[in-house]
Amino acid sequence: MDNADIEDLFVALGSVTIKRMFGGKGVYHQGRIVAVVIGDTLMLRADAVSAPAFAAAGSTQWTYQREGRKRTAWPYWTVPEAAMDDPDLMAVWARRAWDAASRVTAK
């Protein structure tokens, strides 16, 4: 997924900054990370408030396992499939990611 595609998906949220990280990309809005891209998979930030909506929409949570360690769940979920082709629906999910990022930094 190239940077122009990522920016298009977040247009309703506003401008985003894209930085390389974890061998992928981090997507930031107003200095807060709202998404990551690993390979060609975009994953949005979630928290205890928003994760149930992601699960109900059929999204999966990103997990990672280092050799010799147990699998760890990260606070990022795949974008619901329908949102990738619907800018209005993507706007809803992007705002949920922004809200989750805002709640985390407010703590």
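This paragraph deals with the overall build of the protein. Across its full length, the protein holds 3 helices and 6 strands. Element order for the protein, N to C, with α for helix and β for strand: α-β-β-β-β-α-β-β-α. For the protein, the C-alpha radius of gyration of 13 Å lies close to 13 Å, the compact-globule estimate for 107 residues. Overall, the protein is about 40 × 30 × 30 Å in size when its C-alpha atoms are taken along their principal axes. The 107 residues of the protein split such that 40% are buried. Accessible surface for the protein amounts to roughly 6300 Å². Of this, 50% is attributable to carbon and sulfur atoms. Charged side chains in the protein number 13 positive and 12 negative. The centres of these two groups are separated by 14 Å.

What describes a pair of aromatic rings is the distance from one ring centre to the other and the angle between the planes of the rings. Within the structure shown, the criterion is met by 4 aromatic pairs. With 4.7 Å between their ring centres and 55 degrees between their planes, F54 and W93 make a pair best called tilted. Residue F54 is located in helix α2 (residues 51–56), and its partner W93 is located in helix α3 (residues 87–106); the two are separated by 39 residues in the primary sequence. The side chain of R96 reaches across the aromatic face of W93, ending 4.4 Å from its centre.

Here the focus is the nonpolar core. Core analysis: the biggest nonpolar cluster contains 24 residues, and F10, V27, V34, A35, L42, L44 and M90 have the highest contact counts within it. Every element with two or more residues in this core is listed here: α1 (3–9), β3 (32–38), β4 (41–45), α2 and α3. Here this core gets 6 residues from one element, more than from any other, and that element is α3. What M90 contacts, discounting residues up to four positions off in sequence, is L9, F10, L42, L44, V79 and A83. Listed in part, the 6 residues of the second largest apolar core include Y28, I33, M43 and W62.

Another point: the environment of A55. Along the polypeptide, A55 turns up in helix α2. For A55, a relative accessible area of 43% puts it in the partly exposed group. For A55 and T78, which are 23 residues apart along the polypeptide, the C-alpha to C-alpha distance reads 9.5 Å.

With that out of the way, let us pick up the environment of W77. On the secondary structure map, W77 appears in strand β6 (residues 72–78). W77 gets classed as buried once you look at its relative accessible area, which sits at 11%. Between the C-alpha atoms of W77 and A97, which are 20 residues apart in sequence, the distance is 9.5 Å. Look past the residues within four positions of W77 in its chain and what remains in contact with it is L42, M43, L44, A46, A51, F54, A55, S59, T60 and Q61.

Rules behind the numbers
- Residues numbered from 1 in each chain as written.
- Predicted model: local features only at pLDDT ≥ 70, side-chain atom pairs only at ≥ 80, totals over all residues.
- Heavy atoms only, no water.
- Helix = DSSP H or I, 4+ residues; strand = E, 2+ residues; numbered from the N terminus.
- Rg over C-alpha atoms; globule rule 2.2 N^0.38 Å.
- Buried < 20%, exposed > 50% of the residue type's maximum accessible area, 1.4 Å probe, protein only.
- Areas by Shrake-Rupley, 256 points an atom, 1.4 Å probe, with all protein chains shown as cover.
- Lys, Arg positive; Asp, Glu negative; His and termini not counted.
- Charge placed at Lys NZ, Arg CZ, Asp CG, Glu CD.
- Phe/Tyr/Trp six-rings, centres within 6.5 Å; stacked < 30°, edge-to-face > 60°.
- Lys NZ or Arg CZ within 6 Å of the ring centre and 35° of its normal.
- Core = buried A, V, L, I, M, F, W, Y, C linked by side-chain atoms within 4.5 Å.
- Contact = heavy atoms within 4.5 Å.

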